[in-house]
Amino acid sequence: MKKSTIPYNVAQVKKMYEKSGILDFDCPIQRRYGMWDDLKKSLLVHSMLVGFVIPPFYMTKENKGTRDAKNRPVSNYSCIDGQHRLRSLFSFINDEFPLHEETPDVEIDGDEYKLAGLKFSELPEEIQQMITSYTFTIYNLEECTDEEIEEMFFRLNNGSNLSKTQIANVKLGMELAAFVKKILSGKFFEDVCHFTLAQYRRAADEKTLLQAMMLLDMKDGDYELVSIAEGQVTKYAESLHDSYSDEKRERLLGIIEYLENAFDQKEKFMKIVNIPIFIYMADEAINNGIKAEDFYKWFEIFADKYNPDCAYAQYCSTGSIKKEKVEGRISVMNKDFREYFKLDAENNSDDTEELEPEDTEENEDESDEQMIESKTPLTDDFMDDLENEIPFC
């Protein structure tokens, strides 16, 4: 992770959001906007005017191909901490609400100004200028994974209320929650999957299991995937509420038992971003009659080939909970899986066991067609992208 500190004033950040479109507040781990009342928003404005310290903001910075009017590349920013403060200010400057009646007066250079009940446009020009020119400390984070963002967010908000995933556990209903808890207390999640203590505190193990259940339902055509963000996980859990069928439970228990037979130690690569995908692929392995020990051999090879420049890594960084990133991980992993086990043997040569890049390129058109016919429900765009995709390793 790279970190830089750059001072921006309110007007600059507002322009980035409203005009340039290079700032968003889409980070899924933030609290939903709208939690602040008018008094809290008003006291923020008052704090700026009297010189109280405003905590720094945190944003991820990456190049998404955006260009300015002169066709120059422009970085994109996503706020991961500070949404309520910034959007409250933008809203106030846009005259969307007046300052609360309990907002204290301010004294500036010996002159006292009344703030209560006034909208931005009703304030004296010198006060307006002080607000729009107020400079924030903003930390820009580059080349960071979702795990690092989540960990930083957790530490910045330590002591906050119930997490969305913990809320999702309630939404499941007592009986189904007990079923989920039983799986989470078993060997696979306890002894194989890799979670940090902070991730356990946020119920990350439950989140990954629910995400895997979402993907299995997507495979069966029973669920339309939007993303695997915590908010979507909570909605999915609420849609189940003690209604997960016996057939689906037996299937999920079978997959977990299969994985417990395949693995006998903690695996660092079996982490949050990968766990739902490997559960998904274990179901594919069972459907194709692949032994658990052979599945583990493939897992080892797949994990060993991983590097920051490989195709799979493209779908594991910032935004990995988005639909296109999830589909991308399934796409790359499924292709590697099918080639390793020669499930499309008629399109593979005899010497493809090590999955050299040239073998993948020679057969990519035919294997693309085979994958479209497989059970993996991927979008046409991702299947088309495989033609130009860089080799896995």
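Located above this text is the structure these notes cover.
Residues numbered from 1 in each chain as written. Predicted model: local features only at pLDDT ≥ 70, side-chain atom pairs only at ≥ 80, totals over all residues. Heavy atoms only, no water.

Student: Help me get a handle on the overall build of the protein, residues and values and all.
Tutor: Scanning the protein from terminus to terminus reveals 17 helices and 7 strands. Sorting the 393 residues of the protein into buried and exposed places 51% on the buried side. (Helix = DSSP H or I, 4+ residues; strand = E, 2+ residues; numbered from the N terminus. Buried < 20%, exposed > 50% of the residue type's maximum accessible area, 1.4 Å probe, protein only.)

Student: A description of helix 3 (residues 83-93) should follow, citing residues and the corresponding values.
Tutor: Among the 11 residues in helix 3, 10 count as buried, and that is most of the element. Looking at helix 3, one finds that the buried residues are Q83, H84, R85, L86, S88, L89, F90, S91, F92 and I93. Taken together, the buried residues of helix 3 touch helix 1 (10-18), helix 2 (38-50), strand 3 (57-62), strand 4 (76-81), helix 4 (125-132) and strand 7 (135-142). D95 occupies a position one or two residues after helix 3 and carries a positive phi of about 60 degrees. (Contact = heavy atoms within 4.5 Å.)

Student: So what about the nonpolar core? Which residues, and what values?
Tutor: Formed by 71 residues in total, the largest nonpolar core has its most connected members in F188, F189, F295 and W298. Going through the elements one at a time, helix 7 (174-184), helix 8 (187-192), helix 10 (204-219), helix 11 (230-240), helix 12 (246-262), helix 13 (275-287), helix 14 (292-305) and helix 15 (323-340) are the ones with two or more residues in this core. Of all the elements, helix 10 adds the most residues to this core, at 9 residues. Counting 36 residues, the second largest nonpolar core, distinct from the first, contains L44, I54, Y77 and F92. (Core = buried A, V, L, I, M, F, W, Y, C linked by side-chain atoms within 4.5 Å.)

Student: Any chance you could break down the sheet that holds strand 7 for me, citing the residues and the numbers?
Tutor: The strand order across the open sheet built from 5 strands is 1-7-3-4-2, with neighbouring strands paired in mixed fashion. Only two strands of the sheet have a single partner each, and these edge strands are strand 1 (2-9) and strand 2 (23-24). Where strand 3 lies against strand 4, 5 bridges are found, and the strand directions are antiparallel. Paired with T60 across the strands is S78, a residue of strand 4. On the sheet, helix 1 packs against strand 1, strand 2, strand 3, strand 4 and strand 7 and is oriented at approximately 110 degrees with respect to strand 1. (Pairing = 2+ DSSP bridges. Axes fitted to C-alpha atoms, helices over the stretch in contact; angles between N-to-C directions.)

Student: So what's going on with the packing of aromatic side chains? Residues and values would help.
Tutor: Under the counting rule described, the total for this entry stands at 31 aromatic pairs. Ring geometry for F269 versus Y312: centroids 6.5 Å apart, planes at 45 degrees, classification tilted. Residue F269 is found in the loop between helix 12 and helix 13, and its partner Y312 is found in the loop between helix 14 and helix 15; the two are separated by 43 residues along the sequence. The class for F269 is buried, based on a relative accessible area of 12%. (Phe/Tyr/Trp six-rings, centres within 6.5 Å; stacked < 30°, edge-to-face > 60°.)

Student: Go over the packing of helix 14 against helix 15, please, and point to the residues and values.
Tutor: The geometry of a pair of packed helices is captured by two quantities: the angle between their axes and the separation between those axes. Between helix 14 and helix 15, whose axes approach to 11 Å, the crossing angle comes to 125 degrees. Judged by the angle between their axes, helix 14 and helix 15 are oblique. When you trace helix 14 past helix 15, the crossing you get is right-handed. Touching D294, F295, K297, W298, I301, F302 and K305 of helix 14 are M333, D336, F337 and Y340, all from helix 15. In the contact of helix 14 with helix 15, the residues fall into 7 nonpolar, no polar and 4 charged. (Parallel < 35°, antiparallel > 145°, perpendicular 65-115°, else oblique. Left-handed = near helix turned anticlockwise from the far one by under 90°. Nonpolar A, V, L, I, M, F, W, Y, C, P; charged D, E, K, R; others polar.)

Student: Lay out a negative patch on the surface in plain terms, naming residues and giving numbers.
Tutor: Taken together, the side chains of D105, E107, D109, D111, E112, E125 and E126 make up a negatively charged region of the molecular surface. Among the secondary structure elements, those contributing two or more residues to the negative patch are strand 6 (111-113) and helix 4. Mapped onto the elements of the fold, E125 is located in helix 4. Look at E125 and you get exposed, because its relative accessible area is 67%. (Patch = residues over 30% accessible without salt bridge, like charges linked within 9 Å, V, L, I, M, F, W, Y side chains within 5 Å. Areas by Shrake-Rupley, 256 points an atom, 1.4 Å probe, with all protein chains shown as cover. Salt bridge = Lys/Arg side-chain N within 4 Å of Asp/Glu carboxyl O. Lys, Arg positive; Asp, Glu negative; His and termini not counted. Charge placed at Lys NZ, Arg CZ, Asp CG, Glu CD.)

Student: Lay out helix 4 in plain terms, naming residues and giving numbers.
Tutor: An α-helix turns once every 3.6 residues. As a result, residues three or four positions apart point the same way. Those residues of helix 4 that sit buried are I127, Q128, I131 and T132. Angular distribution of buried residues about the axis of helix 4 spans 130 degrees; they occupy a single face of the element. (Arc of directions from axis to C-beta.)

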